[in-house]
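What the coordinates show
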Amino acid sequence: MIVQPKIRGFICTTAHPVGCAKHIQEQIDYVKKHKPVNQGPKKVLIIGSSTGYGLASRIVASFGGTKAATIGVFFEREAEAKRTATSGWYNMVAFEEKAKKEGIYAKSFNGDAFSDEIKQRVVEAVKKDLGKLDLIIYSLASPRRQNPKTGEVSKSVLKPIGASYTNRSLDVSINKLEMVTLPEATPDEIKQTIDVMGGEDWEEWINVLDKNNLLDAGVKTVAYSYIGPELTRAIYRNGTIGRAKDHLEATAKKLDERLKKKGGRAVVSVNKALVTQSSSAIPFIPLYFVLLKKVMKEKNIEEDCIQQIFRMFSTRLYTDSNIVVDQNGFIRMDDWEMRPDVQSAVQKVWDILNEQNYEQFSDIKGYQEDFLKLFGFGLKDVDYNADVDIDLKIPSIASSIA
Ligand code: NAD
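Reading the values: rules and limits
Residues numbered from 1 in each chain as written. Predicted model: local features only at pLDDT ≥ 70, side-chain atom pairs only at ≥ 80, totals over all residues. Heavy atoms only, no water. Helix = DSSP H or I, 4+ residues; strand = E, 2+ residues; numbered from the N terminus. Expected span 1.5 Å × (residues − 1). Buried < 20%, exposed > 50% of the residue type's maximum accessible area, 1.4 Å probe, protein only. Pairing = 2+ DSSP bridges. Contact = heavy atoms within 4.5 Å. Axes fitted to C-alpha atoms, helices over the stretch in contact; angles between N-to-C directions. 1 Å grid on protein atoms, 1.4 Å probe; cavity = no way out; pocket = protein on both sides within 12 Å on 5 of 7 lines; lining within 4 Å. Points joined across faces, edges and corners; volume = space filled by probe spheres on them. Nonpolar A, V, L, I, M, F, W, Y, C, P; charged D, E, K, R; others polar. Near = heavy atom within 4 Å. Polar contact = N/O pair within 3.5 Å; in protein donor to acceptor, adjacent residues only side chain to side chain. Areas by Shrake-Rupley, 256 points an atom, 1.4 Å probe, with all protein chains shown as cover.

Some details on helix H3 (residues 87-101)
- With 15 residues, H3 extends 21 Å between its outermost C-alpha atoms, agreeing within 8% with the 21 Å of an ideal straight helix rising 1.5 Å per residue.
- Within H3, 11 of the 15 residues are buried, which leaves it mostly tucked inside the rest of the structure.
- Among the residues of H3, those classed as buried are Ser87, Gly88, Trp89, Tyr90, Asn91, Met92, Val93, Ala94, Phe95, Glu96 and Ala99.
- Looking at the residues trailing H3, positive phi occurs at Gly103, about 70 degrees.

Examining the sheet that holds strand S4 (residues 69-74)
- An order of S5-S4-S3-S6-S11-S12-S13 is seen for the seven strands of this open sheet, with the pairing classed as parallel. Edge positions in the open sheet fall to strand S5 (106-110) and strand S13 (331-332), since each of these has one partner strand only.
- Where strand S3 (residues 43-47) meets strand S6 (residues 133-138), four bridges bridge the pair, whose relative direction is parallel. Of the residues in S6, the one forming a bridge with Ile46 is Ile137.
- Lying on the sheet, helix H6 (residues 200-211) is in contact with S3, S4, S6, strand S11 (215-225) and strand S12 (265-270); it crosses S11 at an angle near 170 degrees.

Notes on the layout of surface pockets
- A volume near 490 Å³ is recorded for the second largest pocket.
- Every residue lining the second largest pocket is counted, 22 residues in all, and those nearest its centre are His23, Gln27, Asp304, Cys305 and Lys373.
- Going through the elements one at a time, helix H1 (17-33), helix H2 (52-63), helix H10 (305-317) and helix H13 (364-373) are the ones with two or more residues in the lining of the second largest pocket.
- Looking at the lining of the second largest pocket element by element, the count peaks at four residues for H1.
- Of the residues belonging to the lining of the second largest pocket, the class tally is seven nonpolar, eight polar and seven charged.

Considering the site of the ligand
- Around the ligand lies a shell of 28 residues, among which Ser50, Lys245, Leu274, Thr276 and Ser278 are the nearest.
- The backbone of Tyr224 places a nitrogen or oxygen atom 3.4 Å from an oxygen atom of the ligand.
- If the ligand stood free it would expose 840 Å²; the protein chains cover 93% of that surface.
- Among the secondary structure elements, those contributing two or more residues to the shell around the ligand are H2 and S11.
- Looking at the shell around the ligand residue by residue, the classes come out as 11 nonpolar, 13 polar and four charged.

Next comes the structure, spelled out in structure tokens:
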């Protein structure tokens, strides 16, 4: 089938299998080109491993020097008749094939990470194949969660708290600046967002692994968070998602106390704002992205997921001494984004931005390229007019079914 991008709002409903494989290869090449991660992980579980930050974490763990065995959990859709699979599915096909070629263990579970069933299946796989885990990355970004104990379904919303919020927003699908108002969240919406994106499920993963004696003595577990500047505060950090991140960060402290007793650690890494499938869905954020991207590119400090995570592994998580954290106990990978010179440059542009000049001050082209790349489009040396096989199988999933 010839696969072209089909964009609907902030998602692309098609994905290119060859392009996704090329994107994976580029990320592997980046990691291999750099000095190997010193004393990196060996046995790793990545929850949310198919796209964005979790995918980058899986690649750095396996190709960053220690050739870590990885188990990845994700929620993707395989191809059906004339419908392509999701990009995360093709990413995992390519990742596993490339790992296998180099003799690196990789097993994947496609299903609901919030469920007891997936947790149990992962427990059995760790017991059988790995023994104990020394790193667990929690990188889920989900719109809903069914609580396995109560059956209750919670939905996450992106809304301000305390008052409605009106500001300029960039509709990236039509490249138009417009005023958008979001109503304030209800108490129930705040609660549901915390249920989905807070730390409860991360803690449940650690509980089930611990109960089954699958945590190595020096185990590390990392979940990803975001803080961001004043410009996005009302919608992000002071909004519903921010409340969920507060909960995630409080969970890190709780887990850290517990794991420290056995020589382990639980930390939150505050990452940079980046275009991923989840983040492009957050209202107002894309406008900040395009302004930030231009400023960071000009200062030569722009990074993508793989660069962020490689830097996290090599300079924060696996150093000769302790994990490198700030005064609040967070790993700060948003250090360059939050630099005063970067933020003041973004703010300066923000203050004079209007419908006539916004394209001049923003990297819309870069944003669109990054966005298409998430779905395997726009990669160099891929023939997008060629007929490609869309029905690809993830090796470890295919073999477990057979
Ligand atoms: P993403 O959408 O690229 O990846 C989300 C992952 O979660 C995918 O692997 C997906 O398959 C998986 N997933 C979703 N629901 C699932 C379910 N029910 N069961 C199993 N897997 C499921 O998102 P991302 O932007 O990489 O975000 C990952 C984390 O990083 C989030 O906590 C996010 O808040 C955080 N973060 C993102 C940014 C950013 O700008 N993108 C910045 C800082 C922190």
